[in-house]
Amino acid sequence: MLLWYLAGTLVTLFALRSLWLRLLLSRAKHPSLGGHARIARLVARLVRYYEYDETRFFNADDAPAQVTAARRAAFTRLAQLYAQRFPKGTALTREMAPSVSDLQFTMRYRVPFQFGRMVRQYLPGGTFLESSSGVTVADVDGNRLYDVSGSYGVNLFGYDFYKECIERGAEKVRALGPVLGAYHPLVADNVRRLREISGLDEVSFHMSGTEAVMQAVRLARYHTRRRYLVRFCGAYHGWWGDVQPGVGNPLPADATYTLKDMDAASLRVLRTRRDIACVLVNPVQAMHPNASAPADSGLIDSRRNAHFDRTAYTAWLKELRAVCSVRGIVLIFDEVFVGFRLAPGGAQEYFGVRADLVTYGKSLGGGLPVGVVCGRRDLMKRYDEAHPVDVCLARGTFNAHPYVMGAMHEFLTRLESEPIRTLYRDLDAVWERRATDLNARLQAAELPVQVAALSSIWTLNYLNASRYNWMSQYYLRAQGLSLSWIGTARLIFSLNYSDADFAAVADRVLSAAEAMRRDGWWWQNPALTNKAIRRRVLRELLQAWWTTSSIGSTSSPRSKASGARQ
């Protein structure tokens, strides 16, 4: 009888502890859809497509007739300018889109989907470029544009720098050519330099940043014998399943915990659970904790609110480091995007926090694709000496490709040169001054735009409630700026921007904003709040769900006559 009593007590205690751990986990999740992957996937499946007809396109905020007319006239002028300035690029993009799935995706997701058909028809995005020089690129129509796309973070020191890395790197390995499997001797020097930069013991090479993160997580699970990885709400770590648990992944990520960034509740989870192998940190999240990487396709209102507090984020990383050390959890810095942009030693140097594993990519390849993992010796080992069949596989046909290693060698060599070191001196002060000056000019002109900056990574925030902030990207392009397909969500500058170059960009940003205001896109109605906008869009979504019809139009995305597939 006593044994049954003890057994029942143990079962009850176990159940209570499990319930307590589950409660802690629930409290550590961000209340947004980004913090609840399963709910986000369900909502995504329920949202039906609808589009605005031509009337509703210009009057989604119930603006008065004169404002609607001004917008319509401005849109016509802008469409005519695009047709005159970008004819070859437009024709080539439309020719290739049916055969290139990436083009189809980026064309469709540049703006909120309700406005998409009109934009694709009259303001097609430029895709094809012919040359680059300094801080500019030239498109197939011969337009010279200031580049603020940064090649998704690759372009640190200017395109001429990377052209030289590729050319000189190719010369260094030309005699060996594309021989795979064996290492070119340059690999030894690359490894030495990477160990010095990362402060870690060993290095492995991969084909991409996504692969590098995959390997880092696999190694953490292998050595801790634990299942779960922790990522923070909104953070991007590549497109493989375990780090993309919500929308975008056809399958649920059953071995991933998505927790709140910069929150004590998340630290409590790390302190109490025994099943966590690793914690992934993407330092660019310091700009927008718990929010996904911004894109203009999500600008249905003006909620975007990026900002950067270095002191607060540094304190958070140090707390995280301490908890991981005590609990035997592997701390992984994903520096595929920010690596070498914040400091020569990356985010580890910038924030003064040492990780157990660090992943690099993008710019490190000297302009060629690569992924790298640097880590502690005990974590990098792929086999168990006591159990010879227990291994942790990681294979890649093109890992340490000689031409990539040659370009990387040139990059790492020049990283130590005085011209490059000069760019890092007072780096934060330079970019903070530039952001402050531009914000002051925007404020003085009473324009509802401000810049948020993490060094040379910028986001445009919009201050007044509006349905049309996404139009800014098209005005900026008309002013001669080359943006990535996500629009004003990320302006990424190369560090070789001179004050004169930046002044030219700042003038264009100001001119574009003034044109946006003049053309009526930022018309203000006191009743038009962000909450009111979201409520209206929600009503439209519910209507579309019930009727599967378009708002303000009788067309449907499934209708051959709708034009939605242009």
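None of these values were measured; they are calculated from a predicted model.

Draft legend 1. Quick peek at the sheet that holds strand E4 (residues 202-206). Taken in spatial order, the seven strands of this open sheet run E4-E10-E9-E8-E7-E5-E6, and their pairing is mixed. In this open sheet, the two strands that pair with only one neighbour each are E4 and strand E6 (256-259). Between one strand axis and the next, the sheet turns by 20° as a mean value, whatever way the strands run. Together, strand E5 (228-232), E6 and strand E7 (276-281) form the strand contacts of helix H11 (residues 264-272), whose direction differs from that of E7 by roughly 150°.

Draft legend 2. Geometry of the pattern of salt bridges. If you walk through the whole model with that rule in mind, you get 32 salt bridges. Note that Asp519 and Arg77 form a salt bridge whose closest N and O atoms lie 3.1 Å from each other. Of this pair, Asp519 sits in the loop between helix H19 (499-518) and helix H20 (530-547) while Arg77 sits in helix H4 (residues 65-85); the two residues are 442 residues apart in sequence, bridging distant segments of the chain. Arg77 gets classed as partly exposed once you look at its relative accessible area, which sits at 46%. Three or more residues joined by partner-sharing salt bridges are found here, namely Asp189, Arg192, Arg193, Glu196 and Glu416.

Draft legend 3. Inspection of the nonpolar core at higher detail. One finds Phe157, Val279, Leu320, Val372, Phe411, Trp470 and Met471 to be the most contacted residues of the largest nonpolar core, which totals 131 residues. For this core, the leading source of residues is H19, giving ten residues. With sequence-adjacent residues up to four places away left out, Phe157 is seen in contact with Tyr162, Phe411, Leu415, Ile420, Leu423, Tyr424, Leu495 and Asn496. In terms of nonpolar packing, the next biggest core, distinct from the first, is built from 19 residues, Val213, Leu229, Cys278 and Leu379 among them.

Draft legend 4. Summary view of the sheet that holds strand E15 (residues 481-482). Read from one edge of the open sheet, four strands run E1-E2-E3-E15, paired in mixed fashion. Among the strands making up the open sheet, the edge pair consists of strand E1 (129-133) and E15. Sheet topology places strand E3 (residues 144-147) next to E15; two bridges connect them, and they run parallel. Residue Asp147 lies in a different strand from E15, and its bridge partner there is Ser482. Contacts from helix H8 (residues 159-173) reach E1, strand E2 (136-139) and E3 within the one sheet, and its direction differs from that of E1 by about 100°. In the packing of H19 onto the sheet, contacts are made with E3 and E15, and the angle to E3 comes to roughly 100°.

Draft legend 5. Inspection of empty space enclosed by the protein at higher detail. Scanning the model with the defined rule gives two cavities of 30 Å³ or more in all. Computed from the structure, the largest cavity encloses a volume of approximately 70 Å³. Around the largest cavity, the lining residues are Leu442, Val449, Leu460, Tyr462, Ser472, Leu476, Val509, Ala512, Ala513 and Trp522. When residues of the lining of the largest cavity are traced back to their parent elements, those giving at least two are strand E14 (457-462), helix H18 (472-478) and H19.

Draft legend 6. Region of the structure containing a nonpolar patch on the surface. The grouping of Leu42, Leu46, Leu538, Leu542, Trp545 and Trp546 at the surface amounts to a nonpolar patch, some 650 Å² of accessible area in total. Breaking the nonpolar patch down by element, the ones donating at least two residues are helix H2 (37-46) and H20. The element best represented in the nonpolar patch is H20, accounting for four residues. The topology assignment puts Leu42 in helix H2. The class of Leu42 is partly exposed, set by a relative accessible area of 43%.

Parameters at a glance
Residues numbered from 1 in each chain as written. Predicted model: local features only at pLDDT ≥ 70, side-chain atom pairs only at ≥ 80, totals over all residues. Heavy atoms only, no water. Pairing = 2+ DSSP bridges. Helix = DSSP H or I, 4+ residues; strand = E, 2+ residues; numbered from the N terminus. Axes fitted to C-alpha atoms, helices over the stretch in contact; angles between N-to-C directions. Contact = heavy atoms within 4.5 Å. Salt bridge = Lys/Arg side-chain N within 4 Å of Asp/Glu carboxyl O. Buried < 20%, exposed > 50% of the residue type's maximum accessible area, 1.4 Å probe, protein only. Core = buried A, V, L, I, M, F, W, Y, C linked by side-chain atoms within 4.5 Å. 1 Å grid on protein atoms, 1.4 Å probe; cavity = no way out; pocket = protein on both sides within 12 Å on 5 of 7 lines; lining within 4 Å. Points joined across faces, edges and corners; volume = space filled by probe spheres on them. Patch = residues over 30% accessible without salt bridge, like charges linked within 9 Å, V, L, I, M, F, W, Y side chains within 5 Å. Areas by Shrake-Rupley, 256 points an atom, 1.4 Å probe, with all protein chains shown as cover.

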